[in-house]
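Read off the chains here:
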Amino acid sequence: MEKAQYEEELVKLAQEGKLKELLELSNKLVDEYPSWHIAWHYLAVAYGLQNDHERAISYFIKVLELKPHSVKALYGLSVSFHALKMYEEAISCLLKHKELHGSEYKILFGLGVNYTELNMLPQAIDAFTEALTFEPQNEETLFCLADCYRMQENYAKAIELYLQSLDINPQNILVIHNTAVSYKYLNNNEKAIEFYLKVLSLDPAFFRSLRNLAEIYIEMNQPQLAKPLILKALELQPNSTEIKELYNKIMI
């Protein structure tokens with residue numbers, strides 16, 4: 001079989017998630033063609049897909065020794081670094097990829113995610129904002145960008161972006177919850193309650209919304225509304241100190 005045919009088979013096995021076959025074939029090929037970077041690349045991919053990221057990293061580095069400008073290896077390396085919480089190293093790979101290949105959505109999104117993990121929020125905002133120029137209706141990117149603004153305490157901007165994300169997927173519970181949180185920080189209890197209730201209509205056991213909504217009702221001196229929420233939260237997390245404290249408040 002020619003190398004081109006082997007490469008087609010490697011790609012197919014990776015896409016189909018046939019990890020055992022992918023590992024066997026890529027191991028065979030690195031033995032037969034030790035200087036062929038494609039064989040090493042798919043050996044790295046095979047280990048990465050099995051969450052053996054330490055080994056995946058060693059093989060992606062081997063690929064880059066054979067082909068220093070392999071953008072596929074740089075991206076794969078960034079994924080494994082991220083999985084191991086080596087965010088600075090992941091960013092370095094993604095920036096090198098961008099330098100060699102230009103901007104594209106997945107690289108910008110990856111940069112945003114890794115910058116966020118390092119609390120480098122201005123850089124994350126820039127990356128997510130640029131990513132949206134490629135996929136303006138990507139609900140996940142809108143959500144991640146909104147979260148960055150929320151962490152910067154720019155709640156109005158965060159809400160604007162959360163609502164755009166919800167226009168695309170109205171039933172994303174985490175987006176609805178974070179929208180409620182942002183309204184609460186803007187002291188808009190009415191809207192916060194509206195969105196917490198939306199969460200609980202979709203998932204009555206969503207602990208954080210139960211807790212936060214109960215807190216609002218207690219602040220509003222409506223313990224009768226807080227009580228069923230607190231009791232439900234206690235069922236879910238009976239050892240939660242904060243829920244026990246809320247329970248004590250309504251029992252006074």
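Here's what I pulled together on the structure shown here. What you are looking at is a predicted structure, and each value in this text was computed from that prediction instead of being measured.

Structural notes on the side chain of D147
Next, step 1: Within the element layout of this structure, D147 appears in helix α9 (residues 139-151).
Next, step 2: D147 sits in the buried class, given a relative accessible area of 14%.
Next, step 3: Within the structure, D147 has its side chain in polar contact with the side chain of Y162 (distance 2.3 Å).
Next, step 4: In contact with D147, not counting residues within four places along its chain, are Y162 and N178.

So, the pattern of salt bridges
Where charged atoms of side chains with opposite charge meet at close range, the side chains can pair.
Next, step 1: Counted according to the given criterion, the structure contains twelve salt bridges.
Next, step 2: A salt bridge links E242 to R211, with the nearest nitrogen and oxygen atoms 3.2 Å apart. On the criterion of sequence distance, the pair formed by E242 in helix α15 (residues 241-251) and R211 in helix α13 (residues 207-219) is long-range, its members being 31 residues apart.
Next, step 3: For E242, a relative accessible area of 35% puts it in the partly exposed group.
Next, step 4: For E235, the salt bridge identified is with K232, shortest N-O distance 4.0 Å. With E235 and K232 both in helix α14 (residues 223-236) and three residues apart, this pair spans about one turn of that helix.
Next, step 5: For E235, a relative accessible area of 61% corresponds to the exposed category.
Next, step 6: One connected set of salt bridges, linked through shared partners, spans K191, E194 and K198.

Reading the values: rules and limits
Residues numbered from 1 in each chain as written. Predicted model: local features only at pLDDT ≥ 70, side-chain atom pairs only at ≥ 80, totals over all residues. Heavy atoms only, no water. Helix = DSSP H or I, 4+ residues; strand = E, 2+ residues; numbered from the N terminus. Buried < 20%, exposed > 50% of the residue type's maximum accessible area, 1.4 Å probe, protein only. Polar contact = N/O pair within 3.5 Å; in protein donor to acceptor, adjacent residues only side chain to side chain. Contact = heavy atoms within 4.5 Å. Salt bridge = Lys/Arg side-chain N within 4 Å of Asp/Glu carboxyl O.

Geometric values such as these leave the question of function open.
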